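Observations on the model geometry
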Amino acid sequence: MTSRSNDEKFTILSPGSGWHKPLRSTTLEKVMRAPNATSRFSSIPRRLGIAGTVLFAAACAEDKPLNTFEPRGPRAESIDTLMQPIWILMGVVFVLVIGVTIGLAVKNRVAPEDYDENDLPEQVHGNFRLEIMWTIAPAVLLAIVSWFTVDKIWELEETNADPAAGECRTNADGSRSGDLDMMVIGQQWWWEYRYDIDCDGFFQDVDGDGDIDDADREWPLNIALDDDDLVVANQAVIPTGEQVDLVVTSRDVIHSYWIPRLNGKRDTVPGRLHTWSIEADAAGEYNGWCTEYCGLSHARMRMSVVALDGAEFDAWLDNQILPAEVPTEADEDEFAGYQLFQQLCMSCHVIDDGELDYAEDFEAELAAGAAPNLTHLATRTVFAGAIYSQYAGVDADDDDLDIGEYFELSVDDNDPDGDLRLNEAIIKRWILNAPDQKAMAPEDRRGMPAFPQLTEEDLDHLVAYLATLD
Ligand code: CUA
């Protein structure tokens, strides 16, 4: 290969301007320095404008259901008191580091006309004092942060009672004297909640040795679990001002349970029982999101916990433990829907009509396993893994909304103002083709199959029946 001059290497092919002629390096420099689209964005006011817009837009969210900085329960508040000083510390470090970096860059910049590529800055190799300083300082900061963090983890851990080992919390007359025990079971891709109402724990004596012990807990979940308690799906309801002790686990893969405004997160692991607790100071709906990647619809596996004040909670509970009423033939649409439901849906879902006999059959469960229990479906404000609102006409995120009243309305068909109505279109769309709206693998019993054979009339009947499940 023949060697070429530097100039020849920068040959720019440009038809119409003597494309065959090599460009001289001076020309190239001019081209590179010419004002172009990028340089217009480099003006300081423009950059400030863009940064300001981004910050402003980021602060615009109207309702922030997942905001950890607005704790609504003692445990979340406790975490918040740890996080606030850490954020301030992080802010100071951030401003210092970025400030010094920008300051040095500005101080040492060279005007383009003074730029000389041979004019290198002073070459420094090692500075013992500086290196020791920027090694020790972050180490000390991290040590301080981890000291308080580990302390907080222990503190939160100590507030967890083990519901499996706890004393009975229900009085002989059925009233509750203490905290509520609840089991949280992660599913692909929704949450199941079991309430230990009768205080006999979450498990049953599978091996029949007269004791509910670890041997019983080792059975698969769908056999080992006690079934005479309340089983609900997608939305848990808790009393305000009371610690609710949780046992969290999973039926399939690892999920993570997190209601940011009530407590930190807890992984739900198949075969393991983790204790946790939540508590809400005030009535309202508290949302969460599965925070451990769990397959196809991880992003659509939400949580909804509704806190109700004492009497409202008791009313909710009294209603939930009732079996579902079976429509009579006189209610034509509802009855047709009921029959359709028995044919199509009961192989996966459970609706407790009071006829299930658990004593005779361990498999006759309130929870079907992979599909939600729908006994009081119409009392829930969300469905489909809490991604859809079951009712239209009421804004559940409205801070002024009386959540207890909302619940009463959804429990009671006699909505006096007529402004609460089932989101029929969304429910029908879901029944017709759920996999179209939420990625699933129904062939593996993970998720719900589509029912393309259903007519509009069938859907009307099904919705009429589902609406009776209050
Ligand atoms: Cu469940 Cu991610």
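Everything numeric in this text was worked out from a predicted model, so none of it was measured.

Looking only at helices and strands, the protein has 13 helices and 14 strands in total. Considering only contacts within the protein whose residues lie at least 6 apart along the sequence, 66% involve residues at least 24 apart.

Further remarks concern the confidence of the model for the protein. Residues at a pLDDT of 70 or more form 77% of the protein, whose mean pLDDT is 80. No element of the protein has a lower mean pLDDT than helix α1 (residues 6-9), at 42, and none a higher one than strand β6 (residues 255-258), at 96. Here residues 1-28 scores under 50 on pLDDT; set against residues more than four positions off or in separate chains, the count is 15 contacts. With pLDDT under 50 throughout, residues 358-364 is counted as low confidence; its partners more than four residues away or in other chains account for seven contacts.

Once that is clear, we can look at the nonpolar core. Taken as a class, soluble globular proteins show a tendency for nonpolar side chains to be buried jointly. Counting 50 residues, the largest nonpolar core has M182, V184, I238, L246, V305 and A307 as the members making the most contacts within it. If near-sequence neighbours (up to four positions away) are discounted, M182 is found in contact with Y193, R194, Y195, A236, V244 and L246. V350, L374, L377 and L466 belong to the second largest nonpolar core, which has eleven residues in total.

Another point: the packing of helix α12 (residues 424-432) against helix α13 (residues 456-466). Direction vectors running N to C along α12 and α13 enclose 115 degrees, while the axes themselves pass 10 Å from each other. Accordingly, the angle class assigned to the pair α12 and α13 is roughly perpendicular. Taken as a pair, α12 and α13 cross one another with a handedness that is right-handed. Of α13, the residues touching α12 (which contributes E424, I427, K428, I431 and L432) are L459, L462 and V463. Residue composition of the contact of α12 with α13, by class: six nonpolar, no polar and two charged.

Let's shift gears to the sheet that holds strand β1 (residues 180-187). Strands sit in the order β3-β2-β1-β5-β8 across an open sheet of five strands; the sheet is mixed. Each of the sheet's edge strands pairs with one partner strand only, and the pair in question is β3 (230-233) and β8 (274-278). Pairwise comparison of adjacent strand axes, ignoring direction, gives a mean angle of 30 degrees for this sheet.

Attention now goes to the sheet that holds strand β9 (residues 284-289). Spatially, three strands are ordered β4-β10-β9 in an open sheet, and the strand pairing comes out mixed. Either end of the sheet is taken by a strand with one partner, and the two such strands are β4 (235-239) and β9. The average undirected angle you get between the axes of adjacent strands in this sheet is 25 degrees. As judged from the five bridges shared by β4 and strand β10 (residues 302-308), these two strands associate in the parallel manner. Looking at the pairing, I238 lines up with A307 of β10. Lying on the sheet, helix α9 (residues 310-320) is in contact with β4 and β10; it crosses β4 at an angle near 135 degrees.

Attention shifts here to the environment of D151. Checked against the element boundaries, D151 lands in helix α6 (residues 128-159). Along the primary structure D151 and L82 are separated by 69 residues, whereas in three dimensions their C-alpha atoms are 9.9 Å apart.

A few words now on the pairing of β6. A regular strand carries its side chains on alternate faces of the sheet. Burial along β6 is two-sided: the residues H255 and Y257 and S256 and W258 are all buried. Both β6 and strand β7 (residues 265-268) contribute to a ladder of four bridges, which runs antiparallel. Bridge assignment links W258 to a residue of β7, and that residue is K265. Between β6 and β7, which pair antiparallel and follow one another directly, the connecting turn spans six residues.

Quick look at α13 now. All buried positions along α13 are accounted for by L459, H461, L462, A464, Y465 and L466. Looking at the buried side of α13, the elements it contacts are α10 (332-344) and α12.

Within α9, the full set of buried residues consists of E312, F313 and W316. The buried residues of α9 occupy an angular sector of 100 degrees when projected down its axis, which confines them to one face. In α9, those exposed residues whose orientation departs by more than 90 degrees from the buried face are A311 and D318.

Turning our attention to unusual backbone geometry. Following Q188, the chain continues into W189 via a peptide bond in cis, with omega recorded as 0 degrees. On the secondary structure map, W189 appears in the loop between β1 and β2 (190-195). Positive phi outside glycine occurs at N234, with the angle close to 70 degrees. Among the secondary structure elements, N234 is positioned in the loop between β3 and β4. Residue N234 is classed as buried on the basis of its 27 C-beta neighbours within 10 Å. Phi is positive for A386, which is not a glycine, with a value near 60 degrees. Structurally, A386 is set in the loop between β11 (382-383) and β12 (388-389).

Conventions we followed
Residues numbered from 1 in each chain as written. Predicted model: local features only at pLDDT ≥ 70, side-chain atom pairs only at ≥ 80, totals over all residues. Helix = DSSP H or I, 4+ residues; strand = E, 2+ residues; numbered from the N terminus. Contact = placed C-beta atoms within 7 Å. pLDDT = per-residue confidence, 0-100. Core = buried A, V, L, I, M, F, W, Y, C linked by C-beta atoms within 7 Å. Buried ≥ 20, exposed ≤ 12 C-beta atoms within 10 Å, placed from the backbone. Axes fitted to C-alpha atoms, helices over the stretch in contact; angles between N-to-C directions. Parallel < 35°, antiparallel > 145°, perpendicular 65-115°, else oblique. Left-handed = near helix turned anticlockwise from the far one by under 90°. Nonpolar A, V, L, I, M, F, W, Y, C, P; charged D, E, K, R; others polar. Pairing = 2+ DSSP bridges. Arc of directions from axis to C-beta.

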